[in-house]
Amino acid sequence: MSVWLSSTNRAINSARGQATAAAKRQVSTAQAEMVKQVIEFWSGKKTSSTKKGRR
């Protein structure tokens, strides 16, 4: 039973880690978009729409 609980705990922690990482990426993207919109609003001009991410 201990082995079963250990493997279950490992799987749950892995899923939690992946969910946390996805949430952090989503927050980072939202913050970048918000900053872009604030700059566009206050400067009156459109910022570049090129993506600078790695693929």
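Structure: see above.
Scope of this entry: the structure provided in the associated data block. (Residues numbered from 1 in each chain as written. Predicted model: local features only at pLDDT ≥ 70, side-chain atom pairs only at ≥ 80, totals over all residues. Heavy atoms only, no water.)

### Considerations on the overall build of the protein
Regarding its fold elements, the protein presents one helix and zero strands. The 55 residues of the protein split such that 2% are buried. Accessible area for the protein stands at about 5,500 Å²; split by element, carbon and sulfur atoms hold 59% of it. (Helix = DSSP H or I, 4+ residues; strand = E, 2+ residues; numbered from the N terminus. Buried < 20%, exposed > 50% of the residue type's maximum accessible area, 1.4 Å probe, protein only. Areas by Shrake-Rupley, 256 points an atom, 1.4 Å probe, with all protein chains shown as cover.)

### A closer look at the packing of aromatic side chains
With the rule as written, the count across this model stands at one aromatic pair. Summarising the aromatic geometry, the rings of Phe 41 and Trp 42 are spaced 5.0 Å apart at their centres and angled 85 degrees between planes, so their arrangement reads as edge-to-face. Here the two residues Phe 41 and Trp 42 agree in accessibility, since each one is exposed. (Phe/Tyr/Trp six-rings, centres within 6.5 Å; stacked < 30°, edge-to-face > 60°.)

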